Amino acid sequence: MQRPDWAPDTIDIERPSVARMYDYYLGGSHNFAADRSAARAMVDAVPEAPLMAQANRAFLRRAVHFLAEAGIRQFLDIGSGIPTVGNVHEIAQRIDPDARVVYVDVDPVAVAHSREILSGNDRAVVLQEDLRRPERILAHPEVTGLLDLSQPVAVMIVAVLHFVPDTDRPAQILRELRQALAPGSYLVLSQASDDARHDTGERAEAEAVYRRTDNPLVIRSRAELTALFDGFELVDPGVVWVPQWRPETPESAEGAEQAVFMGGVGRLDG
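Below or above, wherever it landed, is the structure these notes cover. (Residues numbered from 1 in each chain as written. Predicted model: local features only at pLDDT ≥ 70, side-chain atom pairs only at ≥ 80, totals over all residues. Heavy atoms only, no water.)

1. Comments concerning unusual backbone geometry
Across the chain, the bulk of peptide bonds are trans and the bulk of non-glycine residues have phi less than zero.
Part 1: Cis geometry marks the peptide bond from D236 to P237, where omega comes out at 15°.
Part 2: Mapped onto the secondary structure, P237 falls in the loop between β6 (233-234) and β7 (240-241).
Part 3: Positive phi outside glycine occurs at R169, with the angle close to 55°.
Part 4: When you line up the elements, R169 lands in the loop between β4 (154-158) and α8 (170-179).
Part 5: Positive phi outside glycine occurs at R246, with the angle close to 45°.
Part 6: Mapped onto the elements, R246 comes out in the loop between β7 and β8 (261-267). (Helix = DSSP H or I, 4+ residues; strand = E, 2+ residues; numbered from the N terminus.)

2. Notes on the packing of aromatic side chains
Part 1: All chains considered together, the criterion is met by three aromatic pairs.
Part 2: A centroid spacing of 5.8 Å and a plane angle of 90° characterise the contact between F59 and W245, whose relative ring orientation is edge-to-face. Of the two residues, F59 sits in helix α3 (residues 49-69) while W245 sits in the loop between β7 and β8, which places them 186 residues apart along the sequence.
Part 3: For W245, a relative accessible area of 0% gives the class buried.
Part 4: Taken together, a centroid distance of 6.3 Å and an interplanar angle of 90° make the contact between F66 and Y186 edge-to-face. (Phe/Tyr/Trp six-rings, centres within 6.5 Å; stacked < 30°, edge-to-face > 60°. Buried < 20%, exposed > 50% of the residue type's maximum accessible area, 1.4 Å probe, protein only.)

3. Brief notes about the pairing of strand β2 (residues 100-105)
Part 1: Among the six residues of β2, five are classified as buried, and the element is accordingly described as predominantly covered.
Part 2: Where strand β1 (residues 74-78) lies against β2, five bridges are found, and the strand directions are parallel. Paired with Q74 across the bridge in β2 is R100.
Part 3: Direction of pairing for β2 relative to strand β3 (residues 124-128): parallel, over a ladder of five bridges. Paired with V102 across the bridge in β3 is V125.
Part 4: In this view, the connection linking β2 to its parallel neighbour β3 by way of helix α5 (residues 108-118) has right-handed handedness. (Pairing = 2+ DSSP bridges. Right-handed = clockwise from strand over helix to strand, strands pointing away.)

4. Remarks on the pairing of β4
Part 1: Burial runs high along β4: five of the five residues are buried.
Part 2: Alternating residues of β4 divide into A154, M156 and V158 and V155 and I157, and every residue in both groups is buried.
Part 3: In the sheet, β1 pairs with β4 via three bridges, with the strands oriented parallel. Paired with F75 across the two strands is A154, which belongs to β4.

5. Thoughts on the environment of V109
Part 1: The topology assignment puts V109 in helix α5.
Part 2: Classification of V109 as buried rests on a relative accessible area of 0%.
Part 3: When the C-alpha positions of V109 and I82 are compared, they lie 7.2 Å apart, and in sequence the two are 27 residues distant.

6. Observations concerning the environment of V88
Part 1: As for its position among the elements, V88 is in helix α4 (residues 88-95).
Part 2: Given the relative accessible area of 0%, V88 is considered buried.
Part 3: The spacing of V88 and F75 is 13 residues in sequence and 7.8 Å in space, taken between C-alpha atoms.

7. Structural notes on the nonpolar core
Part 1: The biggest cluster of nonpolar side chains holds 49 residues, and the ones touching the most others in it are Y25, V64, L67, F75, M156, V188 and V265.
Part 2: Ranked by residue count, the leading element in this core is α3, at 10 residues.
Part 3: Setting aside residues up to four positions removed in sequence, M156 forms contacts with L60, V64, L67, F75, L76, D77, I78 and V188.
Part 4: Listed in part, the 33 residues of the second largest apolar core include I78, F229, W241 and A256. (Core = buried A, V, L, I, M, F, W, Y, C linked by side-chain atoms within 4.5 Å. Contact = heavy atoms within 4.5 Å.)

Listed below in structure tokens is the structure:
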């Protein structure tokens, strides 16, 4: 296919990207034929896939609003993906224009579009880096230049951990991030869970789709996700299906397990 003007020359547009597939689920336009093909295969395997992405995005928005209302003015969004309406900086800076946000993603398309959207916003930046290298993220000039890690920071790792296998030691990654945070900081996590799913065939099909990407899918249980909040005190209601986390209306939490994602927010006490 012809390479669009907005696509960096360094990316392989014939290989699906999880960030661009997620963009497709959310109705975005920054994806390629290979991404759409893989995403449609995922929808064939799991028809709720677009709903899952939308429910997870809504969880992120509610979590950021909660944190901003709680006084958090610094956000580190790792695995931020391709920008869509309702990004972290839009929500946080609506509450306080001085709120500062650093976006991190490994996908060059996501980074390129983030830079375009954030042009002219001196309190929000983006860098290209991998969640699996927390020490490089924390030491990056864009992070140290905009965020003061001696003050509370909200670390957002939303819809990312299911692409981090146990061999990459996700608990150790989170421990390194936690050790760099000041008391009063927060951790926001969500990822795909199979706690309510009994269709092993559906799960196998979904995993087969993501093996076409550079990021195979890793499903975790509520107990496994809860354990990743080690060192943080979970904010009520704990780790739940994402529509159940402080829903805007009782109706919006109905059938919550269909969203497949579980998530929670934890606070780091002194």
